[in-house]
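Below, each chain spelled out in residue letters.
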Amino acid sequence: MLLFCVTGASQAGALSHVSGRPSSGAGLCAARRSRHSELVIVHNRPQEKLSDDFSLEKLGYIEVGVLLGPHGYKGAAKVRSLSDFPKQRLAEENSLRYLKSPNRLYPRPIKILRGQKAAQEETWIVWLEGLTSPEEVKTLKGGRICVKVGDKPKVKRGEYYVRDLVGLKVRLYGKGALLGAVNDVYTHEELTKHIRNPSKVGHDMLEIMIDDNEEDLVLVPFVKQLVPVVDIEGGEILIDPPEGLLDVAKVNLIVRRGAPRLFLRAAEGTALESEEGRNES
């Protein structure tokens, strides 16, 4: 005899105590019993904090938008764009995307029927397949619209994705000596939002960690003269800094840690344009 029991409100995405696998409702349990066996009781305890193994990046997805809530009364959703390609990601008709609903472990396939730019900055109105009322959209508030990691729009020569640059080894041009690795990237647009004199920032910046030392960070402008070689496939870049640059370009960690994050690494990679790319366009 197969017995189903419900011991509390269902909590989507929790792990089943019986099977150890994700279940659609943590309150549902299944146990085989005979007329002489005891009833198995499964408590519907709060879900434990998920490990990093279930992060979108580890699962092979990149966030391109977050659901803010309903728009109108026909099931449209307001979505904040997390991508440098919002029209391609959020407005292509009948395009396949993936939706990670709140309290779910894994994104599920979903189709974007159509989308359009909203009046608010970085906000889009999106019609998702299967959503026909504001009530349905409300249940997905905070959900993430994703694409697979390998699904990248093509970029021009001299343009690079931020996420492809972070982690690259950094060597000195002409010497081959390993200097460190790219720790973070700050785009020109983001930098100008958080400094008093935007005119002093003319380029995107690479934050380089020297010798794996988190306390030793330097900023190098992402220009052809200083970064002559970018080898994504080879996993490294070559920099050619003038003498003394690495000494004066130290990052003030106190200021850095106290300031707003300039780049959200979980979001889809921004496409950077080197000076070579700007000159060609």
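Definitions and limits used
- Residues numbered from 1 in each chain as written.
- Predicted model: local features only at pLDDT ≥ 70, side-chain atom pairs only at ≥ 80, totals over all residues.
- Heavy atoms only, no water.
- Core = buried A, V, L, I, M, F, W, Y, C linked by side-chain atoms within 4.5 Å.
- Buried < 20%, exposed > 50% of the residue type's maximum accessible area, 1.4 Å probe, protein only.
- Helix = DSSP H or I, 4+ residues; strand = E, 2+ residues; numbered from the N terminus.
- Polar contact = N/O pair within 3.5 Å; in protein donor to acceptor, adjacent residues only side chain to side chain.
- Patch = residues over 30% accessible without salt bridge, like charges linked within 9 Å, V, L, I, M, F, W, Y side chains within 5 Å.
- Areas by Shrake-Rupley, 256 points an atom, 1.4 Å probe, with all protein chains shown as cover.
- Salt bridge = Lys/Arg side-chain N within 4 Å of Asp/Glu carboxyl O.
- Lys, Arg positive; Asp, Glu negative; His and termini not counted.
- Charge placed at Lys NZ, Arg CZ, Asp CG, Glu CD.
- Phe/Tyr/Trp six-rings, centres within 6.5 Å; stacked < 30°, edge-to-face > 60°.
- Pairing = 2+ DSSP bridges.
- Axes fitted to C-alpha atoms, helices over the stretch in contact; angles between N-to-C directions.

Some words on the nonpolar core
Part 1: By size, the foremost hydrophobic cluster in this structure holds 22 residues, and its most contacted members are Leu206, Ile208, Val227 and Ile237.
Part 2: Within the second largest apolar cluster, 18 residues are counted, among which are Val64, Leu90, Ile110 and Trp124.

Comments concerning the side chain of Glu207
Part 1: On the secondary structure map, Glu207 appears in strand E12 (residues 205-210).
Part 2: You can call Glu207 buried: its relative accessible area is 1%.
Part 3: Of note is the side chain of Glu207, whose polar atom sits 3.2 Å from the side chain of Tyr186.

Quick word on a negative patch on the surface
Part 1: Negative charge collects at one region of the surface, where Asp84, Glu121, Glu122 and Glu189 lie side by side.
Part 2: Within the secondary structure, Glu121 sits in the loop between strand E6 (108-117) and strand E7 (123-128).

A short note on the packing of aromatic side chains
Working definition: an aromatic ring pair is given by the centre-to-centre distance plus the angle between the planes.
Part 1: Applying the stated criterion across every chain, the model contains 3 aromatic pairs.
Part 2: Taking the centre distance of 5.9 Å and the plane angle of 55 degrees together, the rings of Phe85 and Tyr161 count as tilted. Here Tyr161 lies in strand E9 (residues 159-161) and Phe85 lies in the loop between strand E4 (76-81) and helix H2 (86-90), a separation of 76 residues in the sequence.
Part 3: You can call Phe85 buried: its relative accessible area is 13%.
Part 4: Judged by its relative accessible area of 6%, Tyr161 falls in the buried class.

Things to note about the sheet that holds strand E14 (residues 229-231)
Part 1: Strand order in the open sheet made by the 6 strands is E13-E12-E11-E10-E15-E14, with mixed pairing throughout. Of all the strands in the sheet, just strand E13 (217-221) and E14 have a single pairing partner and so form its edges. For this sheet, the mean angle separating the axes of adjacent strands, direction not counted, is 35 degrees.
Part 2: Summarising the sheet, strand E11 (residues 178-186) and E12 pair through 6 bridges and their orientation is antiparallel. Residue pairing across strands places Gly180 opposite Ile210, the latter belonging to E12.

Focus on the pattern of salt bridges
Part 1: Tallied over the entire structure, the rule returns 6 salt bridges.
Part 2: A salt bridge links Glu63 to Arg144; its shortest N-O distance comes to 3.0 Å. On the criterion of sequence distance, the pair formed by Glu63 in strand E3 (residues 61-71) and Arg144 in strand E8 (residues 144-148) is long-range, its members being 81 residues apart.
Part 3: Relative accessible area serves as the criterion here: at 11%, Glu63 is assigned to the buried category.
Part 4: Between Arg97 and Glu92 there is a salt bridge, with its nearest N and O atoms 3.9 Å apart.
Part 5: A residue is classified by how much of its surface remains accessible, and Arg97, at 6% relative accessible area, is buried.
Part 6: Residue Glu92 is classed as partly exposed on the basis of its relative accessible area, which comes to 39%.

A closer look at the sheet that holds E6
Part 1: Sheet architecture is closed into a barrel: 6 strands sit in the order E3-E4-E7-E6-E5-E8, paired in antiparallel fashion. The mean inter-strand angle of the sheet, taken between neighbouring strand axes irrespective of direction, is 50 degrees.
Part 2: Summarising the sheet, strand E5 (residues 95-100) and E6 pair through 5 bridges and their orientation is antiparallel. Note on E6: the bridge partner recorded for Tyr98 is Pro109.

Remarks on the environment of Thr187
Part 1: On the secondary structure map, Thr187 appears in the loop between E11 and helix H5 (188-193).
Part 2: For Thr187, a relative accessible area of 9% gives the class buried.
Part 3: Taking the C-alpha atoms as reference points, Thr187 and Leu206, separated by 19 residues in sequence, lie 8.7 Å from one another.

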